[in-house]
Amino acid sequence: MNFEPKQFIRSKINEIKKEVGKRGALVATSGGVDSMTCAVLAHKALGSRAIIVFIDDGLMRDSDEKRVRGELKPFGIKVKTLSVQKDFFKALKGKEDPEEKRKAFRNLFYKTLGKAVKEAGVESMIQGTIAADIIETKGKIKTQHNILKQIGIDPKKHFGFKAVEPLREIFKPQVRKVAKELGFSQRVYKQMPFPGPGLATRIVGEVTPERVKILRHAVSIVEDGIEELKPFQAFAVLLNDKATGIRNGKRSFGNIIAIRSVESKDAMTASVTKIPWETLESIRDRMIKEIPQVVKVLYDITPKPPSTIEYI
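Residues numbered from 1 in each chain as written. Predicted model: local features only at pLDDT ≥ 70, side-chain atom pairs only at ≥ 80, totals over all residues. Heavy atoms only, no water.

### Comments concerning the environment of F232
Stated formally: Per the convention used, a helix needs a DSSP run of H or I reaching at least four residues, while a strand needs a run of E reaching at least two, with both numbered from the N terminus. Here a residue-residue contact requires only that any non-hydrogen atoms of the pair lie within 4.5 Å.
Inspection of the secondary structure puts F232 in the loop between α10 (209–226) and β6 (233–247). Sequence spacing of F232 and P193 is 39 residues, and the spatial spacing of their C-alpha atoms is 7.6 Å. In this view, F232 contacts K172, R176, M192, P193, V262, E263, S264, K265, A267 and I309; residues no more than four positions away in its chain are not counted.

### Observations regarding the packing of aromatic side chains
To keep it simple, the criterion reads: Stacked, tilted and edge-to-face are the three classes assigned to paired rings of Phe, Tyr and Trp, where Trp is represented by its six-membered ring and a pair needs centres within 6.5 Å; plane angles under 30 degrees give stacked, over 60 edge-to-face, the rest tilted. Using a 1.4 Å probe on the protein chains alone, a residue whose accessible area is under 20% of its type maximum counts as buried, one over 50% counts as exposed, and one in between counts as partly exposed. Put simply, a charge is over a ring when the Lys NZ or the Arg CZ is close to the ring centre, within 6 Å, and near the line of the ring normal, within 35 degrees.
Across all of its chains, the model carries eight aromatic pairs by this definition. For the ring pair F75 and F184, a centre distance of 4.8 Å and an interplane angle of 55° mean the geometry is tilted. Here F184 lies in the loop between α8 (172–182) and α9 (186–189) and F75 lies in the loop between α3 (64–72) and β3 (79–83), a separation of 109 residues in the sequence. Measuring from ring centre to ring centre gives 5.5 Å for Y110 and F159, while their planes differ by 40°; the resulting arrangement is tilted. A residue pair is termed long-range when its members are at least 10 positions apart, and Y110 in helix α5 (residues 98–120) and F159 in helix α7 (residues 155–159) qualify at 49 residues. The burial state of Y110 is the same as that of F159; both residues are buried. Each residue in the set F88, F105, F109, Y110, F159 and F161 is aromatic and connected to the rest through ring pairs, giving one cluster. Here the basic side chain of R61 rests over the ring of F194, its NZ or CZ set 3.8 Å away from the ring centre. Sitting above the plane of the F235 ring, R202 keeps its charged end 4.0 Å from the centroid.

### Quick word on the layout of surface pockets
This is how the line gets drawn: With a 1 Å grid spanning the protein atoms alone, the term cavity applies to any set of points in which a 1.4 Å probe fits but cannot get out, the term pocket to an open set with protein on both sides within 12 Å along at least five of seven lines, and the term lining residue to any residue with an atom within 4 Å of a point. Grid points are joined across faces, edges and corners, and a volume is the space filled by probe spheres set on the points. Amino acids outside the nonpolar list (Ala, Val, Leu, Ile, Met, Phe, Trp, Tyr, Cys, Pro) and the charged list (Asp, Glu, Lys, Arg) are all regarded as polar, and Gly is one of them.
In this model, the largest pocket occupies a volume close to 910 Å³. Forming the walls of the largest pocket are 25 residues, and the residues nearest its centre are R187, Q191, M192, E223 and E227. Broken down by secondary-structure element, the contributors of at least two residues to the lining of the largest pocket are α3, α9 and α10. Per element, the largest residue contribution to the lining of the largest pocket is eight residues, and it comes from α10. Here the residues of the lining of the largest pocket sort into five nonpolar, six polar and 14 charged. By volume, the second largest pocket amounts to about 230 Å³. When contributions to the lining of the second largest pocket are tallied by element, the ones reaching two or more residues are β2 (50–56), β3 and α5. In terms of residues, the lining of the second largest pocket owes the most to one element, α5, which gives seven residues.

Written as structure tokens, this is what we have:
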């Protein structure tokens with residue numbers, strides 16, 4: 001069946017108007033194509049009654065807040081930042097189990113939004129849940145942070161808002177078409193997926209400010225080094241184990257970084273990117289030179305399934 005982005009946009013603008021009503025809505029955007037698309041759909045439907053927020057949880061890339069503001073400015077959208085880094089690191093402290101971390105993030109994420117919804121005087125929260133998020137969570141593959149009512153959690157009862165999900169029926173390729181039709185730059189509609197819980201999904205083990213700092217640098221190096229290949233998704237992962245290395249002629253017990261790069265259409269299945277050896281060596285060399293805490297760099301060659309794309 002052919003997907004018509006113009007028709008989809010018209011229907012979703014009407015749907016948002018109907019579901020939200022006169023009170024307005026809050027939209028949380030991390031900079032990913034899903035949430036950015038929702039921000040513009042909400043703005044078109046509600047105008048100034050759509051309040052767009054960026055949650056500074058300490059788990060995003062350095063450039064994400066500035067990029068969100070820059071990409072939404074041409075649409076006449078202003079972005080409010082919620083600074084809650086300490087809260088998120090506190091909620092994740094001591095947690096190593098992947099599902100515990102995802103659920104801790106989800107609970108605080110929605111408590112933060114529930115408070116923001118109340119302070120803004122609105123009733124609804126619009127989010128970029130897509131079909132793949134629902135399928136993976138209901139299938140108990142992994143808990144996506146933006147799934148609530150589909151698994152029996154009433155957002156109104158638990159967090160104080162009505163959840164509106166304009167993209168819930170479509171997958172990533174269709175979202176990209178909608179974003180393009182809305183007028184976003186290629187930087188948005190062609191960008192690699194980036195998870196809502198941010199770098200927390202790429203740290204195996206406990207999430208701390210120190211570990212996030214290491215990974216943030218590593219992710220930047222991978223994204224820079226692999227940009228020309230245009231993979232579906234590529235990133236770095238900080239493993240929980242450590243390994244013995246050599247720094248300045250002395251023993252160094254340091255961190256292990258895994259590089260992950262995959263090709264996919266809808267994120268439900270994925271094959272491994274066949275990165276040229278020279279590119280991998282270049283990424284490795286930068287990683288070792290620029291991040292002294294790292295002593296080993298690996299390349300993950302596992303497809304989905306049996307692996308998921310992200311690590312937790």
